[in-house]
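# Structural features, examined
Residues per chain, in single letters:
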Amino acid sequence: MRIIIYFLLVFSIVSCSVGRNYSTRYCKANYSKEGNYVMDVLCENKLTILIGGHSELEKQYSYQDSSKIYITNFVCSMLNYNNVVNLGDSISGVRLKDLELTKILLKEQEKSYVPDTLILEGVTKKGLFWKDVRMGSISVGYVNVSGSKKELFDKMLNTFKKK
């Protein structure tokens, strides 16, 4: 009888540690500013919430390897601000402006097109990947992602949707 109990105990410990695989367990990240949004994120995270003075909200999910994924309605997430600025091109300039202000400026210049979705991405000097996707007034993205986990983080971003 003791052998059976011991076997079941060992089996349950092994099962739990196998189930904690960093890349397979997902939880729903809920975001309720400017509508209800959800995105699958890896469960083993630390949530940080930033609140701005004009109804801005950012949810950051941090992982042990220093990678982070976020949802925000800030003009640009502080996590990726320097990465966007370092691009140094006209697209990054548009990305850093308030969406409504950008539409007004372009209309004054008789340029009516403002893309609904703007995707910026790159690699840092440390060889880590970052990405920022702006869809209207909401942005999702990630920073400090190793090459081996880039596909996983892209997959998480692709689950972002309005409920």
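Remember, predicted model here, so these are calculated numbers, not experimental data.

### Focus: the confidence of the model for the chain
Regions with low pLDDT carry predicted coordinates that are not meant to be interpreted in detail. Residue-level pLDDT values for the chain average 77, and 68% of them are 70 or greater. Mean pLDDT across the elements of the chain bottoms out in helix 1 (residues 2-19) (37) and peaks in helix 5 (residues 150-158) (96).

### A short note on the side chain of Glu-56
Checked against the element boundaries, Glu-56 lands in the loop between strand 3 (46-51) and strand 4 (57-62). In this structure the side chain of Glu-56 is engaged in a polar contact, spanning 3.2 Å, whose partner is the backbone nitrogen of Gly-53.

### Examining the sheet that holds strand 7 (residues 129-135)
Read from one edge of the open sheet, six strands run 3-4-5-8-7-6, paired in antiparallel fashion. Looking at the sheet topology across the chains shown, the edges are occupied by strand 3 and strand 6 (117-123). Geometrically, the sheet is characterised by an average inter-axis angle of 10° between neighbouring strands, direction not taken into account. One ladder, built from six bridges, connects strand 7 with strand 8 (residues 138-145); its direction is antiparallel. Within strand 8, the position partnered with Val-133 by the bridge is Val-140.

### Describing the pattern of salt bridges
The final tally for this structure, using the stated rule, is six salt bridges. Here Asp-40 makes a salt bridge to Lys-28, at a shortest N to O gap of 2.7 Å. Placement of the pair is Asp-40 in strand 2 (residues 37-42) and Lys-28 in strand 1 (residues 26-31), with a sequence separation of twelve residues. Given a relative accessible area of 51%, Lys-28 falls into the exposed group. Across the pair Lys-150 and Asp-154 runs a salt bridge, and its minimum N-O distance is 2.8 Å. Separated by four residues within a single helix, Lys-150 and Asp-154 lie in helix 5, roughly one turn from each other. Accessibility assignment for this pair places Lys-150 and Asp-154 in one class, buried. A single network of salt bridges, built from pairs that share partners, joins Glu-121, Lys-131, Lys-150 and Asp-154.

### With respect to the pairing of strand 7
For strand 7, the tally of buried residues reaches five of seven residues, placing the bulk of the element in the interior. In the sheet, strand 6 pairs with strand 7 via seven bridges, with the strands oriented antiparallel. Residue pairing across strands places Thr-117 opposite Met-135, the latter belonging to strand 7. With antiparallel pairing between neighbouring strands as the criterion, strand 6 and strand 7 make up a hairpin whose turn holds five residues, including Gly-127 at a positive phi of roughly 80°. Hairpin connection between strand 7 and strand 8: a loop of two residues separates the two successive antiparallel strands, and Gly-136 in this loop has a positive phi of roughly 65°.

### Examining the packing of aromatic side chains
Throughout the structure, instances matching the rule amount to four aromatic pairs. With a centroid separation of 5.2 Å and an interplanar angle of 5°, the aromatic rings of Tyr-37 and Phe-160 are classed as stacked. Note that Tyr-37 is positioned in strand 2 and Phe-160 in the loop between helix 5 and strand 9 (161-162), a separation of 123 residues in sequence. Both residues of the pair, Tyr-37 and Phe-160, count as buried. Judged by centre distance (5.9 Å) and plane angle (90°), the rings of Tyr-63 and Phe-153 are edge-to-face. Of this pair, Tyr-63 sits in the loop between strand 4 and strand 5 (68-72) while Phe-153 sits in helix 5, placing them 90 residues apart in sequence. Like Phe-153, Tyr-63 is buried.

What counts and what doesn't
Residues numbered from 1 in each chain as written. Predicted model: local features only at pLDDT ≥ 70, side-chain atom pairs only at ≥ 80, totals over all residues. Heavy atoms only, no water. pLDDT = per-residue confidence, 0-100. Helix = DSSP H or I, 4+ residues; strand = E, 2+ residues; numbered from the N terminus. Polar contact = N/O pair within 3.5 Å; in protein donor to acceptor, adjacent residues only side chain to side chain. Pairing = 2+ DSSP bridges. Axes fitted to C-alpha atoms, helices over the stretch in contact; angles between N-to-C directions. Salt bridge = Lys/Arg side-chain N within 4 Å of Asp/Glu carboxyl O. Buried < 20%, exposed > 50% of the residue type's maximum accessible area, 1.4 Å probe, protein only. Phe/Tyr/Trp six-rings, centres within 6.5 Å; stacked < 30°, edge-to-face > 60°.

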